[in-house]
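Structural overview for review
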Amino acid sequence: MISSPVPGRRALVRAVPGSFTCALQSRPTALNPELARSQHATYVAALEGAGYRVTLLAADESCPDCCFIEDTAVILDGVTLITRPGAPSRLPETPAVAAALSQEQPVVYMQAPATMDGGDVLRVGRWLFAGRTARTNAAGIDRLSAVAAEVGLEVVPVAVAGALHLKSLCTLAAPELIVAVAHRIDLATFRARGLRVLETDELAGGNVLALGEVTLVSADSPLTASALAADGVSVRSIAISEFHRADGALTCLSLRFGAPG
Ligand code: CIR
């Protein structure tokens, strides 16, 4: 078990605002910022336990969704693309994130009408699978493709229906192993590239966070955790129920350098 920082592993997270009660939700239910903060603290501790040096950005009360920081940027090799989140209420989240990320490596921007949420970008090796969703449009994917090409990465567009983001449905669980919610996405895209896919029937199971030696799994997807463990993946389950209630998941709570997934 790792408990001290591993060189190259850094993560940026953003605190949960009191206004989290007004976060975007596909199914409105009451949200509890205090519970979310407690779960966020556990999440940060898990990143640190996996060797990540974590920087915490202050919350912005005028941005109820600001803790879902993954959507504001796509970190590539030597350059970071600051996105234009597809929900207008989330556009003001990006300047503070851009300022923090520009300390690490050069940042470039996306211009209107392009939109993209980072939750739609799944990196596997040299591929960037990019979900076409209500949040990420064709111009956004074109911009990502242009920036990615400059650093030798290839964008593979993926059609996504009935989910907020591509990574709501599938993520990287271990090198060359994708975990995906069954029957919700065309898995041929992954299999054609030699990737294995572990399908799960649990909705919360499609979003896991591979951190090197350990992969975080939502406590709401115990069967996925068991299946991954049986496949040889070292898993750790953590509770993020309050973020699920606002359509969030594990990957969306951080931006990571040096992470495999
Ligand atoms: C939203 O609707 O934008 C937020 N309530 C949830 C964003 C979750 N982001 C992610 O999974 N990458």
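Structure first, text after, so check above.
Residues numbered from 1 in each chain as written. Predicted model: local features only at pLDDT ≥ 70, side-chain atom pairs only at ≥ 80, totals over all residues. Heavy atoms only, no water.

1. Quick look at the pairing of strand β14 (residues 235-238)
As a general feature of sheets, a regular strand has side chains that alternate between the two faces. Test applied: Two strands pair if DSSP finds at least two bridges between them. In this description a helix means any DSSP run of H or I spanning at least four residues, a strand means any run of E spanning at least two, and both kinds are numbered starting from the N terminus. We call a crossover right-handed when, viewed with the strands running away from us, the connection from the first strand over the helix to the second turns clockwise.
Across four bridges, strand β13 (residues 215-218) lies against β14 in parallel orientation. Considered in β14, the bridge of Ser218 is made with Ile238. Handedness of the crossover joining β13 and β14 through helix α5 (residues 222-230) is recorded here as right-handed.

2. Description of the sheet that holds strand β8 (residues 154-159)
What counts is decided by this rule: A fitted line through C-alpha atoms serves as each axis, taken over the contacting stretch for helices, and the angle formed by two N-to-C directions is quoted from 0 to 180°. We call two residues in contact when some of their heavy atoms are within 4.5 Å.
What the three strands build is an open sheet, ordered β6-β7-β8; its pairing is mixed. The sheet is open, and its two edges are formed by β6 (121-124) and β8, each paired on a single side. Going from strand to strand, the sheet's axes swing by 25° on average, the running direction of each strand aside. Bridge count for strand β7 (residues 127-132) against β8 is six bridges, and the pairing is parallel. Following the sheet pairing, Leu128 is matched in β8 by Val155. Packed on one face of the sheet, helix α3 (residues 138-150) meets β6, β7 and β8 and runs near 170° to β7.

3. A short note on the site of the ligand
Spelled out, the test is: Here a residue counts as near a molecule or strand whenever at least one of its heavy atoms sits within 4 Å of it. As used in this structure description, the phrase polar contact means that two N or O atoms lie within 3.5 Å; if the pair is within protein, one of them must be able to donate a hydrogen and the other to accept it, and residues adjacent in sequence are counted only when both atoms belong to side chains. Working definition of accessibility: Shrake-Rupley area with a 1.4 Å probe, residue cover restricted to the visible protein chains. Three residue categories are used. Nonpolar comprises Ala, Val, Leu, Ile, Met, Phe, Trp, Tyr, Cys and Pro, charged comprises Asp, Glu, Lys and Arg, and polar comprises the others, including Gly.
Taken together, the neighbourhood of the ligand is formed by 14 residues, with Asp65, Asp71, Arg135, Ala246 and Cys252 sitting nearest. Glu70 places a side-chain nitrogen or oxygen 3.1 Å from a nitrogen atom of the ligand. Side-chain polar atom of His165 to an oxygen atom of the ligand: 3.4 Å apart, as the coordinates give it. Notes on the ligand: free accessible area 340 Å², of which the protein chains cover 98%. Within the shell around the ligand, the residues separate by chemical class into five nonpolar, three polar and six charged.

4. Quick word on helix α2 (residues 94-101)
This is how it is decided: Buried residues are those whose accessible area, probed at 1.4 Å on protein chains only, stays under 20% of the maximum for their type, while exposed residues exceed 50% and partly exposed ones sit between those limits. Working definition: the arc comes from the directions between the helix axis and the C-beta atoms, pointing outward to the latter.
Every buried residue belonging to α2 is among Thr94, Val97, Ala98, Ala100 and Leu101, and all of these are buried. The buried residues of α2 occupy an angular sector of 165° when the element is viewed end-on, so they sit on one face. As for α2, its buried residues are in contact with β1 (10-14), β2 (53-57), β3 (73-75), β4 (80-82), β5 (107-109) and β15 (255-257).

5. Focus on the packing of aromatic side chains
The test is simple: To pair, rings of Phe, Tyr and Trp, with the six-membered ring standing in for Trp, must have centres within 6.5 Å; the planes then decide the type, stacked if under 30 degrees apart, edge-to-face if over 60, and tilted in the middle.
Under the definition given, this model contains five aromatic pairs. On the numbers, 6.0 Å between centres and 85° between planes, the contact of Phe68 with Phe243 is edge-to-face. Of this pair, Phe68 sits in the loop between β2 and β3 while Phe243 sits in helix α6 (residues 241-244), placing them 175 residues apart in sequence. Across the pair, exposure class does not vary: Phe68 and Phe243 are buried alike.

Nothing here speaks to function; it is geometry throughout.
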